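As a plain string of letters, each chain reads:
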Amino acid sequence: MAPLWETMHIVFFVMVVLMLMEFIELYRLGKGKGEGLPFLGGKHRFLQLLVAALLGFIPGCVGGLMVVSFYAHRSIGFGAVVAASFTALGDDAFRMLAIDPGATLWIEGVLLLAGLGVGAFCDRFLSKPLRGEKFHCRVEVHRHEGGDVCPHRLEKGVGPFRRFVSLFDDWSFVRTLLVVLLVAYLVVIFGRLHSPLDFEHVVFAVLAIIALCLLLVVNEHFLQEHLWQHLIRKHFPSIFLWTAGTLYFLAIFQQNVDLQAWIENDLGKQFLLLLAAISIGWIPQSGPHFLFIQLYFTGVLPLGVFMANAIVQDGHTSLLLLSSSRRRFVLLKAVKSLVALLVGGGLLVFLQGI
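This is a predicted model, so every value here is computed, not measured.

Asker: Just to check I follow, could you spell out the overall build of the protein for this structure?
Answerer: Check the secondary structure of the protein and you find 16 helices and zero strands. Taking contacts inside the protein between residues at least 6 apart in sequence as the whole, the part at least 24 apart equals 79%. In the form shown here, the protein has an accessible surface area of approximately 16,600 Å², with 67% of it arising from carbon and sulfur atoms.

Below is the structure:
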């Protein structure tokens, strides 16, 4: 996948999720139900961790990116992101399932338990805002037209034909632009949809269709203030530039550095290999980690080294975190690296003694 397409794929997905969350939160506020996603509020911390970890379980990057988007919208805590990053293996999950489904499930089970434990610890001790952190995207309520904050523009008691006609009453350039971009995105997605079982592309397409429907029914205030001024003008440039810059850097790096030769030269030095596995785990992309999967499932790589890499890496999940809060990205990877060092080192020592 070319870096530019990969960037657009990730950024479009993130912006669609943020748009849906902005709509849901404003709708709930308008109905007097309070802020945040239902069942994921502060009173349900363990449920947050469990749901996030299970979303990370989904092969591909859909679940992990969704969790970080929730975190960006202040709907879940940092511990939930940590839990999801443990179970998120990105596209490597598909490769592992193809090679050995049974082993993949028990590995994911171990990562799930570890993620819940470490996530609970981070929620308890590392959830306070970091110095200078300006990460969170919080919904802004603008009281207008008698205090109505509901983002839809379809009135009750209006017939179906009038409802349809009213969609075009305040059709603006911004609405046209966003509709055209979403339709173009859907055309590309369906062009790449080689099979109904192409799960990741199906999810992306469904979310884009939902977003397209919302664009047709939201009022102009929501469109201009919440989508255009807030999400697109404020957050889109940063997310796009950091994502594109990181992916292009990784593409150049992988063209000039032979990671496979470097790792295979150190196979006899298990501790150095453990450190290499942890270091490469910091790369916010799935590709480089497949080497560890190949070496482990062919019996060349020790379990401790493989588990260390699996703990630290999380596919594209942390890529969005890097584009939004560099401090949180470093904190996330540092916590996971410490856990990986303890788990991987312990397995190396324990299994050598057997």
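Text resumes after the structure shown.
Asker: Help me understand the environment of His316, please; the structure alone is not making it clear to me.
Answerer: Here His316 is to be found in the loop between α14 (303-312) and α15 (317-324). Using a relative accessible area of 6% as the deciding quantity, one classes His316 as buried. A sequence separation of 255 residues divides His316 from Cys61, and the C-alpha atoms of the two residues are 6.0 Å apart. With sequence-adjacent residues up to four places away left out, His316 is seen in contact with Glu6, Ile10, Cys61, Leu65, Leu247, Pro284 and Gln285.

Asker: Got a minute to help me understand the environment of Val174 in this structure?
Answerer: In this structure, Val174 sits in helix α8 (residues 173-192). C-alpha separation for the pair Val174 and Trp228, spaced 54 residues apart in sequence, amounts to 7.6 Å. Beyond its immediate chain neighbours, meaning those up to four positions away, Val174 contacts Leu223, Gln224 and Trp228.

Asker: Any chance you could explain the packing of aromatic side chains here in plain terms?
Answerer: For any two aromatic rings, the description comes down to two numbers: the centre-to-centre distance and the angle of the planes. Evaluation of the coordinates by the stated rule reveals eight aromatic pairs. Consider the rings of Trp282 and Phe329, whose centres lie 6.2 Å apart with planes at 80 degrees: the pair is edge-to-face. Placement of the pair is Trp282 in the loop between α12 (270-280) and α13 (290-297) and Phe329 in helix α16 (residues 326-352), with a sequence separation of 47 residues. For Trp282, a relative accessible area of 29% translates into the label partly exposed. A residue is classified by how much of its surface remains accessible, and Phe329, at 7% relative accessible area, is buried. Here the basic side chain of Arg124 rests over the ring of Phe125, its NZ or CZ set 5.1 Å away from the ring centre. Lying over the aromatic face of Phe86, Lys336 brings its terminal NZ or CZ to 5.6 Å of the ring centre.

Asker: Sorry if this is basic, but what is going on with the environment of Leu320 here?
Answerer: Here Leu320 shows up in helix α15. Taking relative accessible area as the criterion, Leu320 reaches 3% and is therefore assigned buried. Linking Leu320 and Pro284, residues 36 residues apart in sequence, is a C-alpha distance of 9.0 Å. Discounting residues that sit within four places of it in the chain, Leu320 has contacts with Val14, Leu65, Val68, Ser69 and Ile239.

Asker: What is the right way to read the confidence of the model for the protein from this model?
Answerer: As a general rule, the predicted coordinates of low-pLDDT regions are not to be interpreted in detail. Taken as a whole, the protein shows an average pLDDT of 77; of its residues, 77% reach a score of 70 or greater. This model gives residues 145-149 a pLDDT under 50, and the stretch forms six contacts once residues within four places in sequence are excluded.

Asker: Help me understand the packing of helix α4 (residues 78-87) against helix α6 (residues 101-125) in this model?
Answerer: Relative orientation and spacing of two packed helices are given, respectively, by the angle between their axes and the distance between those axes. Taken N-terminus to C-terminus, the directions of α4 and α6 make an angle of 160 degrees; their axes are 7 Å apart at the nearest point. As far as their axial angle goes, α6 and α4 are roughly antiparallel. Considering the relative orientation of α4 and α6, their crossing is right-handed. Only Glu108, Leu111, Leu112, Ala114, Gly115, Val118, Gly119, Cys122 and Asp123 of α6 make contact with α4, whose side of the interface consists of Phe78, Gly79, Val82, Ala83, Phe86 and Thr87. Its residues assigned to classes, the contact of α4 with α6 shows nine nonpolar, four polar and two charged.

About the thresholds
Residues numbered from 1 in each chain as written. Predicted model: local features only at pLDDT ≥ 70, side-chain atom pairs only at ≥ 80, totals over all residues. Heavy atoms only, no water. Helix = DSSP H or I, 4+ residues; strand = E, 2+ residues; numbered from the N terminus. Contact = heavy atoms within 4.5 Å. Areas by Shrake-Rupley, 256 points an atom, 1.4 Å probe, with all protein chains shown as cover. Buried < 20%, exposed > 50% of the residue type's maximum accessible area, 1.4 Å probe, protein only. Phe/Tyr/Trp six-rings, centres within 6.5 Å; stacked < 30°, edge-to-face > 60°. Lys NZ or Arg CZ within 6 Å of the ring centre and 35° of its normal. pLDDT = per-residue confidence, 0-100. Axes fitted to C-alpha atoms, helices over the stretch in contact; angles between N-to-C directions. Parallel < 35°, antiparallel > 145°, perpendicular 65-115°, else oblique. Left-handed = near helix turned anticlockwise from the far one by under 90°. Nonpolar A, V, L, I, M, F, W, Y, C, P; charged D, E, K, R; others polar.

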